[in-house]
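Geometric and topological summary
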Amino acid sequence: MSICRFQAAVSCQQTGDSSLSLERDDAHEDSEISPPFWLLCELTYRCPLHCPFCYNPVDFARSQPELSTEQWKRVLSEARTLGAVQVGFSGGEPMLRDDLEELVAHAHRLGYYTNLITSGVGFTESRAQQLKDAGLDHIQLSFQDSTRELNDFLSHARTFELKQRVAALIKAHGWPMVMNCTLHRYNLPHIDKIIEMALALGAEYLELANTQYYGWAWVNRLHLLPTREQLEAAEQVVAQYRERVGSRCRLLFVVPDYYAERPKACMNGWGKVFLAIAPDGTALPCHAAASLPGLVFPNVRTHSIRQIWYESPAFNHFRGFAWMQEPCRSCAEKTRDYGGCRCQAFLLTGDAAATDPACVKSPHHNRILATVQMAALSPADCSSLRFRSDATSVVMTGE
């Protein structure tokens, strides 16, 4: 799921304090804006894993204290009133929150379809039963690889056997077995073994999500980007397994933007259906939006979900098409891809309102091609990876 753009001339600027003027934008009436159907509650940035492709912000060390249980309950209630129907509990590792079961129960009473996105660390028989009793509908369990050696190296934690046990617990408690594995140059050659592992664990769904380059993955992109040959070989393997396993397990293969010719409609469009709440209460239209300079994102501590969704200048900034530059402005595909990802545009061009360079029509598409070429020439050197950790975040953000 990841994770936006910014122009120099914006209506809201960082003023140095935490206040935000929520003035109405006449171009956006409530009736023209769909409600946030999908709510992602990033309960914490704390995590026992140290994945070098984590989408959490590199500067998470600067994050303010986490929302309290009651504050999260208010978020859930307000978003449900507004129309949200699905909620995901993620992190970091959401199992590190002692109130997870209480929050799941509250969401269940409100009528949400509830999802837990976890590494499995902290998922015991006791907590599994508590989450089942609380009404949890769905769990997505992540693996880093099909081998103990690479799985544990990439997470910098001994988790492989633990994940196997958690997968068995998920099945034993009657949840759908949904497995996720983030792909990159180190584990793409194992994709057949990853699929076989998922089948052995009884997975009904396997998301093979090629790394998208934000957060920690952006820092490590030259070491994580696969070659085109690796990607094409992996796609062939997935196609063969789809024919073989049929409906036994649904295999979802997400191609990295760097090898696409058309951009994806990031989060189905800025501020259209997706609302993320960071651990400190900052509201975001995608996971990585806080990295965009100049936009002031409101906080649920001081503003209601309705104010944030409908009235926030930051949420309204890239809605619609008026903000678009050429070639997006006159492109027939703009109603499908909404110009692509705003964060990717900023990272690759320095201009958050630029056409996503993943698009072949972008005047900056050559930057994608150059990055792919540089990555292909970079040796597969695991020792050069920067692993996610509190200490590294402090160093990299100058705290």
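Along each chain, numbering runs from 1 in the same order as the chain's sequence is written. Under the rules for a predicted model, residues below a pLDDT of 70 receive no local features and side-chain atom pairs below 80 are neither given nor counted, while totals for whole chains, interfaces and linings still include all residues. Calculation of side-chain values draws on the structure's entire complement of heavy atoms; hydrogens and water are dropped beforehand.

Right, let's get into the pattern of salt bridges. We count a salt bridge whenever a side-chain nitrogen from Lys or Arg sits within 4 Å of a carboxyl oxygen from Asp or Glu. Counted under the stated rule, the structure contains 13 salt bridges. Between glutamate 66 and arginine 46 there is a salt bridge, and its shortest N-O distance comes to 3.0 Å. Here arginine 46 lies in the loop between β1 (38-42) and α1 (69-82) and glutamate 66 lies in the loop between β1 and α1, a separation of 20 residues in the sequence. Only protein chains enter the calculation, and the probe is 1.4 Å; a residue is then buried if its accessible area is under 20% of its type maximum, exposed if over 50%, and partly exposed in between. For glutamate 66, a relative accessible area of 26% corresponds to the partly exposed category. With a relative accessible area of 40%, arginine 46 lands in the partly exposed category. Here aspartate 257 and lysine 264 are joined by a salt bridge, their closest N and O atoms 2.5 Å apart. Given the relative accessible area of 5%, aspartate 257 is considered buried. Where helices and strands are cited, they refer to DSSP runs of H or I of at least four residues and of E of at least two residues respectively, numbered from the N terminus.

On to the sheet that holds strand β6 (residues 205-210), then. With mixed pairing, nine strands are arranged side by side in an open sheet as β7-β6-β5-β4-β3-β2-β1-β8-β9. Among the strands making up the open sheet, the edge pair consists of β7 (250-254) and β9 (283-284). Should DSSP find at least two bridges between two strands, the strands are taken to pair. Bridging between strand β8 (residues 274-277) and β9 involves two bridges; their strand directions are antiparallel. Counted as the bridge partner of alanine 276 is leucine 284 from β9. On the sheet, α1 packs against β1, β2 (86-90) and β8 and is oriented at approximately 175° with respect to β1. A contact between two residues is defined here by any heavy atoms of the two lying within 4.5 Å. Helix axes are fitted only over the stretch in contact, all axes being lines through C-alpha atoms; the angle between N-to-C directions runs from 0 to 180 degrees.

It is worth spelling out the pairing of strand β3 (residues 113-118) at this point. Sheet topology places β2 next to β3; four bridges connect them, and they run parallel. For phenylalanine 89, the partnering residue across the bridge sits in β3 and is leucine 116. Whether a crossover is right-handed depends on one test, that the path from the first strand over the helix to the second runs clockwise when the strands point away from the viewer. Traced from β2 through helix α2 (residues 100-110) to β3, the parallel crossover comes out right-handed. As paired strands, β3 and strand β4 (residues 138-143) are joined by four bridges and run parallel to one another. If you follow leucine 116 over to β4, its bridge partner there is isoleucine 139. As for the winding sense of the linkage, the β-α-β connection from β3 through helix α3 (residues 125-134) to β4 is right-handed.

Attention now goes to the side chain of threonine 44. Looking at the secondary structure, you find threonine 44 in the loop between β1 and α1. Distance and chemistry together define a polar contact, namely a pair of N or O atoms within 3.5 Å, with one atom able to donate a hydrogen and the other to accept it when in protein, and with adjacent residues in sequence counting only for side-chain atoms on both sides. At 2.9 Å, the side chain of threonine 44 forms a polar contact with the backbone nitrogen of arginine 46. Discounting chain neighbours no more than four positions away, the residues touching threonine 44 are Glu66, Ser90, Gly91, Gly92, Glu93, Pro94, Arg97 and Pro279.

Relative to the elements of secondary structure, valine 394 occurs in helix α15 (residues 390-397). The class of valine 394 is partly exposed, set by a relative accessible area of 32%. In the structure, valine 394 is positioned 155 residues away from alanine 239 in sequence and 43 Å away in space, judged by C-alpha atoms.

In this section: the state of the cysteines. Disulfides are defined as pairs of cysteine sulfur atoms found within 2.5 Å of each other. Counted under the stated rule, the structure contains zero disulfides. Cysteine cysteine 181 remains unbridged, with the sulfur of cysteine 51 as its closest cysteine sulfur at 10 Å. By relative accessible area, cysteine 181 is classed as buried at 0%. Among the cysteines around cysteine 341, which has no disulfide bond, cysteine 266 carries the closest sulfur, lying 4.0 Å off.

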